[in-house]
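Fold and geometry: a report
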Amino acid sequence: MIGRLNHIAIVVADLDEATARWRDVLGAEVSQPQALPDHGVTVVFIDSGNSKIELLEPLGDDSPIAKYLERNPDGGMHHMCFEVDDILAARDQLLAEGARVLGDGEPKIGAHNKPVLFLHPKDFNGTLIELEQA
Ligand code: CO
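Residues numbered from 1 in each chain as written. Predicted model: local features only at pLDDT ≥ 70, side-chain atom pairs only at ≥ 80, totals over all residues. Heavy atoms only, no water.

1. A short note on unusual backbone geometry
Note the threshold: Secondary structure elements are taken from DSSP: a helix is a run of H or I of four residues or more, a strand is a run of E of two residues or more, and numbering for both begins at the N terminus. Categorising residues by exposure relies on relative accessible area from a 1.4 Å probe, with only protein chains included: less than 20% of the type maximum marks a residue as buried, more than 50% marks it as exposed, and the intermediate range marks it as partly exposed.
A positive phi angle, close to 60°, is found at asparagine 113, a residue other than glycine. Topologically, asparagine 113 is positioned in the loop between strand E6 (108-109) and strand E7 (115-119). In this structure, asparagine 125 is a non-glycine residue whose phi angle is positive, near 60°. With respect to the secondary-structure elements, asparagine 125 resides in the loop between E7 and strand E8 (128-133). By relative accessible area, asparagine 125 is classed as exposed at 79%.

2. Side note on the pairing of E8
Quick reminder of the rule: Think of it this way: DSSP has to see at least two bridges between two strands before they count as a pair.
Counting buried residues in E8 gives 5 out of 6 residues, a clear majority hidden from the surface. In this structure, strand E5 (residues 76-84) lies alongside E8, joined through 6 bridges in parallel fashion. Pairing of glutamate 83 across the sheet is with glutamate 132, part of E8. As paired elements, E7 and E8 share 4 bridges and run antiparallel to each other. Across the sheet, valine 116 pairs through a bridge with glutamate 132, a residue of E8.

3. Describing the nonpolar core
Stated formally: Put simply, buried Ala, Val, Leu, Ile, Met, Phe, Trp, Tyr and Cys residues joined by side-chain atoms within 4.5 Å make one nonpolar core.
If you look at the biggest cluster of nonpolar residues, it comprises 11 residues: Phe82, Val84, Ile87, Ala90, Leu94, Ala99, Val101, Leu117, Leu119, Ile129 and Leu131. When residues of this core are traced back to their parent elements, those giving at least two are E5, helix H3 (87-96), E7 and E8. The biggest single contributor to this core is H3, with 3 residues. If you look at the next biggest cluster of nonpolar residues, it comprises 10 residues, including Ala9, Leu36, Val43 and Tyr68.

Treat this as a map of the structure, not an account of what it does.
This is the structure in structure tokens:
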């Protein structure tokens, strides 16, 4: 069911500092920061060739990643995102297998303007998994 790894998202406390570190220490190609107010994050994209890394900094008062940063002040890996051909078919198959879909179970439009769903981390070894319609 899952296809290509679309991205891995890392929450950071200081986006400028994190971006400089990935660029200068790891030699990564980093994008300009992009504010996504609808998603409560500012993001820097890193092209790793076969996938992407997204550095996420909270934006606004009700950022969905604010709580994560409270629990993990140094930041950390937040989720990984896999592409699926048909997100509704993938959801129904996962539900039939007993996996839990977060929220009301209906896909929302994600940061790349494509429908996304998140799966409960307790069902996948403590890892939050995002599915994105390819
Ligand atoms: Co994501």
